[in-house]
Amino acid sequence: MKIAIAQLNPTIGDLTGNAQQILDAAQKADAQGASVLLTPELALCGYPPRDLLLNPGFVNAMEEQLTELAQQLPSQLQVLVGTVQRNPHAHQGGKPLYNSIAYLVGGQVKQQFHKRLLPTYDVFDEHRYFEPHSQSHHFSVSEGNRTYRIGVTICEDIWNDDDFWSQRHYPCNPLADLADAQVDLIVNLSASPYTVEKQQLRESMLSHAARRYQVPILYVNQVGGNDDLIFDGRSVAFNGDGSLVYRGRGCETDFAQLQLTATGLSQGEVVPLPDCREAEIWAALRLGVRDYVRKCGFSKIVLGLSGGIDSALVAAIAAEAVGAENVLGVLMSSPYTSEGSVTDAIALAKNLGIQTHHLYIEGAMTSFDKTLADLFAGTEAGVAEENLQSRIRGTLLMAISNKLGYLLISTGNKSEMAVGYCTLYGDMDGGLAAIADVPKTQVYALCRWLNRRQSGVEVIPETIINKPPSAELKPNQTDQDSLPPYDELDDILHRFVEQHQSAAEIVAAGYARETVDRVIKLVSRAEFKRRQAAPGLKITDRAFGTGWRMPIACRRGDIH
Ligand SMILES: Nc1ncnc2c1ncn2[C@@H]1O[C@H](COP(=O)(O)OP(=O)(O)OC[C@H]2O[C@@H]([n+]3cccc(C(=O)O)c3)[C@H](O)[C@@H]2O)[C@@H](O)[C@H]1O
Ligand SMILES: Nc1ncnc2c1ncn2[C@@H]1O[C@H](COP(=O)(O)OP(=O)(O)OP(=O)(O)O)[C@@H](O)[C@H]1O
Ligand SMILES: NC(=O)CC[C@H](N)C(=O)O
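In this text the structure is predicted, and so the values were computed from the model without any measurement.

### Side note on the overall build of the protein chain
Helix and strand content of the protein chain: 16 helices and 20 strands. For 560 residues, the compact-globule formula gives about 24 Å, and the C-alpha radius of gyration of the protein chain, at 26 Å, lands near that figure. Over its C-alpha atoms, taken along the principal directions, the protein chain stretches across nearly 90 × 50 × 50 Å. Residue burial in the protein chain is summarised as follows: out of 560 residues, 47% are buried. Partitioning the contacts of the protein chain with sequence separation of at least 6, the portion at a separation of at least 24 is 69%.

### Some remarks on the sheet that holds strand β14 (residues 254-261)
Taken in spatial order, the 7 strands of this open sheet run β5-β4-β3-β2-β1-β14-β15, and their pairing is mixed. Looking at which strands have only one partner, the edges of the open sheet turn out to be β5 (108-114) and β15 (264-265). With 8 bridges joining them, strand β3 (residues 78-86) and strand β4 (residues 97-105) adopt antiparallel strand pairing. Bridging across to β4, Leu80 finds its partner in Tyr103. Sheet strands touched by helix α2 (residues 56-72): β3, β4 and β5. Its angle to β3, the strand with the most contacts, is close to 160°.

### Describing the site of ligand 2
By nearness alone, 20 residues border ligand 2, and Gly304, Ser306, Gly308, Ser311 and Pro469 come closest of all. Elements supplying a minimum of two residues to the shell around ligand 2: β16 (301-304), α6 (309-322) and β17 (327-333). Its residues placed into classes, the shell around ligand 2 shows 8 nonpolar, 8 polar and 4 charged.

### What about the UniProt feature "binding site: ATP" (unreviewed entry) in the protein chain?
In the numbering adopted here, UniProt assigns the feature "binding site: ATP" (unreviewed entry) to Gly304, Leu305, Ser306, Gly307, Gly308, Ile309, Asp310, Ser311 and Thr411. Spatial clustering of the annotated residues is evident: they stretch over 108 residues in sequence, but the largest pairwise C-alpha distance comes to 12.1 Å. Within the element layout of this structure, Ser306 appears in the loop between β16 and α6. Those residues in contact with Ser306, other than ones at most four positions away along the chain, are Ser311, Ser341 and Ala345. Its place among the elements puts Gly307 in the loop between β16 and α6. Sequence-distant contacts of Gly307, that is, excluding residues within four places in its chain, are made with Gly340, Ser341, Val342, Asp344, Ala345 and Ile464.

### What to know about the site of ligand 3
Residues in close proximity to ligand 3 include Glu41, Pro119, Phe124, Cys155, Glu156, Trp159, Ala191, Ser192 and Pro193, which together make up its full environment. Among the residues forming the shell around ligand 3, the class breakdown is 6 nonpolar, 1 polar and 2 charged.

### Examining the packing of helix α5 (residues 277-295) against helix α11 (residues 440-453)
Viewed as axis vectors pointing N to C, α5 and α11 meet at an angle of 95°, and their least axial separation amounts to 9 Å. In terms of orientation, α5 lies roughly perpendicular with respect to α11. Where α5 abuts α11, its residues Glu278, Ala279, Ile281 and Trp282 lie against Ala445, Leu446 and Trp449. In the contact of α5 with α11, the residues fall into 6 nonpolar, no polar and 1 charged.

### What to know about unusual backbone geometry
Cis geometry is found at the peptide bond from Tyr47 to Pro48, where omega equals 0°. You can see Pro48 is positioned in the loop between β2 (36-38) and α2. The phi dihedral of Glu197 is positive, around 60°, even though this residue is not glycine. Structurally, Glu197 is set in the loop between β8 (185-190) and α4 (198-213).

### Structural notes on the confidence of the model for the protein chain
Should the pLDDT be low somewhere, the predicted coordinates at that spot are not to be read in detail. Averaged over all residues, the pLDDT of the protein chain equals 96, while 100% of them reach at least 70. Complex prediction metrics read pTM 0.96 and ipTM 0.92.

### Concerning the nonpolar core
Core analysis: the biggest nonpolar cluster contains 157 residues, and Leu37, Leu38, Val81, Leu218, Ala315 and Ala318 have the highest contact counts within it. The leading source of residues in this core is α6, at 11 residues.

### Description of the pairing of strand β18 (residues 355-360)
Walk down a regular strand and you will see the side chains alternate between the two sheet faces. In terms of strand pairing, β17 meets β18 through 6 bridges, oriented parallel. Counterpart to Ser333 in the pairing with β18 is Tyr360.

### Points about the packing of helix α8 (residues 362-376) against helix α9 (residues 383-404)
As a packed pair, α8 and α9 sit with axes 10 Å apart at the nearest point and diverge in direction by 130°. Judged on the interaxial angle alone, α9 and α8 are oblique. Crossing of α8 over α9 shows right-handed handedness. Counting all contacts with α8, which are made through Ala364, Met365, Phe368 and Asp369, the residues of α9 involved are Glu385, Leu388, Gln389 and Ile392. Along the lines of polarity and charge, the residues of the contact of α8 with α9 split into 5 nonpolar, 1 polar and 2 charged.

### Examining the UniProt feature "active site" (unreviewed entry) in the protein chain
UniProt annotation of "active site" (unreviewed entry) refers to Glu41, Lys115 and Cys155 when read in the numbering used here. Taken along the chain, the residues just named run across 115 residues; in space they keep tight, none of their C-alpha pairs more than 9.6 Å apart. Its location among the elements puts Glu41 in the loop between β2 and α2. Judged by the 27 C-beta atoms lying within 10 Å of it, Glu41 is buried. The residues contacting Glu41, other than those within four sequence positions of it, are Tyr47, Gly82, Ile154, Cys155, Leu189, Ser190, Ala191 and Gln222.

### Topic: the environment of Ala471
Looking at the secondary structure, you find Ala471 in the loop between α12 (462-466) and α13 (486-498). Here Ala471 falls in the buried class, since 23 other C-beta atoms lie within 10 Å of it. Sequence spacing of Ala471 and Asp541 is 70 residues, and the spatial spacing of their C-alpha atoms is 28 Å.

Conventions and cut-offs
Residues numbered from 1 in each chain as written. Chains lettered and ligands numbered in written order. Predicted model: local features only at pLDDT ≥ 70, side-chain atom pairs only at ≥ 80, totals over all residues. Helix = DSSP H or I, 4+ residues; strand = E, 2+ residues; numbered from the N terminus. Rg over C-alpha atoms; globule rule 2.2 N^0.38 Å. Buried ≥ 20, exposed ≤ 12 C-beta atoms within 10 Å, placed from the backbone. Contact = placed C-beta atoms within 7 Å. Pairing = 2+ DSSP bridges. Axes fitted to C-alpha atoms, helices over the stretch in contact; angles between N-to-C directions. Near = placed C-beta within 6 Å. Nonpolar A, V, L, I, M, F, W, Y, C, P; charged D, E, K, R; others polar. UniProt positions renumbered as here; feature names shortened; annotations may be inferred. Parallel < 35°, antiparallel > 145°, perpendicular 65-115°, else oblique. pLDDT = per-residue confidence, 0-100. Core = buried A, V, L, I, M, F, W, Y, C linked by C-beta atoms within 7 Å. Left-handed = near helix turned anticlockwise from the far one by under 90°.

Pasting the structure below:
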């Protein structure tokens, strides 16, 4: 029996467009003789639809779209579509919806499968919308004289196998229940967002489960950027001996067919994983930028090009995401801008093939200073005046965005965002923060990798990589005047933000108490800035985005 997999890139809420993607895949599957087509979790509305689900009109529209789609699908094909279903028992106190799979055949919904394990941690908040279902189910497909029983799970349903995880989060295990029902295949329809090296974890978990239950597992993941989340696809299949038989493309849509026989799934294409961490992150960020720009209705990007490494990396990502001809880098020199910064920015733009424009902001700085002269009389020039430069740049970039319709991408990295080393309404201006979850040390690694990627072709001028990072808001300023060395800072941040380590644990790992306390204080104090920041693309286990919910007006003096 042929099973087709559609690794789709839905746009959240675009029911017509997403249904069309499913229909296109169904026609292809039908033409190639498939019996079953699988689509990702909530493929009809895109994942995560968030509070659109609280709007009854949205749920009605999904139901209508599903009915229409069912009637348009090839009549012989059996299609599993990720959608929501109403909970008929909601009036007894449950949530109004299930996160479901509709099994469509011959123009009708033949069966529904509901998600049992609802992730409600980090970026996930499914208990806000959905009722967990209590049982796992399967459907049967007959081919020749054989009937295959196919168990259906939805994303989180496979993430609680007690044999794999040392800590179980839920009281039940849908995989074990389906194995008890003696299914011939378990499918998992997912919308699993990217984080660095998560695919290795997915694959070892799935391989382990396939082996443990001696049943093939076919995992279909969504692909595409949806706001802060990047879905990397990489749908996979494992046979009952735990062997990998198929891996789809990473960070691209894909379509594949596998053959299911009495002995399991037949070998499909196995797309290799990226050969290093930087290649993987690069592909994810490029997709995240491309889809954010495209799905918000933009085609062009503007950014401030300082000759520093952060804007260099963002410019390079932007150029690959939307095409170099669609990127404008704006140089905005002040009296503190070094000659080297300008030549570096121009060299970078030339390497990338992006357009540039050079503005001089000294006049605007003088004008602001004059306007404030009476009010500021008798005070020393300091951070307020320094930040005005950053704010003038941000204002000019937003004017360009307004006038020319380019989306402004901000360039702050995770280390800066963590400690508040950035200016509110200044360099934080922008619609998308492309590298807000990329620590500074990883920024360097990505730039070095870019220069190695095509041997002999320099993308980021070496002078940009080698100079000490500086905001250039006053003479001879460097980041290290205000912050610990980045390798130290990033490790402390990683322990504190991603690994939830206490100050005492970080000190025990070898850092000075004073440095650790200072970093934690800076992180806590900068919450107000992050709350006002543009959404940032998530690549780590814990980003400063939808999965980071910190109070702003708080004291953490009692926490050690
Ligand atoms: N809890 C709170 N809730 C809401 N707002 C709060 C607040 N606490 C302060 N504020 C407000 O925030 C202001 C302080 O924040 P902000 O104005 O950003 O200014 P601030 O954080 O004092 O200065 C920006 C820092 O970023 C550095 N930097 C590094 C790299 C690049 C750039 C760049 O711009 O290119 C800048 C710069 O050298 C400086 O050290 C206060 O004056 C107050 O108005
Ligand atoms: N002279 C400038 N011309 C254009 N944009 C600038 C200029 N100075 C700063 N910016 C904008 O403000 C952002 C923040 O500056 P910042 O100095 O922190 O970053 P960077 O210069 O890219 O990298 P680095 O921190 O390594 O110097 C820059 O990335 C850039 O977008
Ligand atoms: N949509 C989901 O249920 C995703 C949860 C899952 N643990 C993941 O990150 O892949």
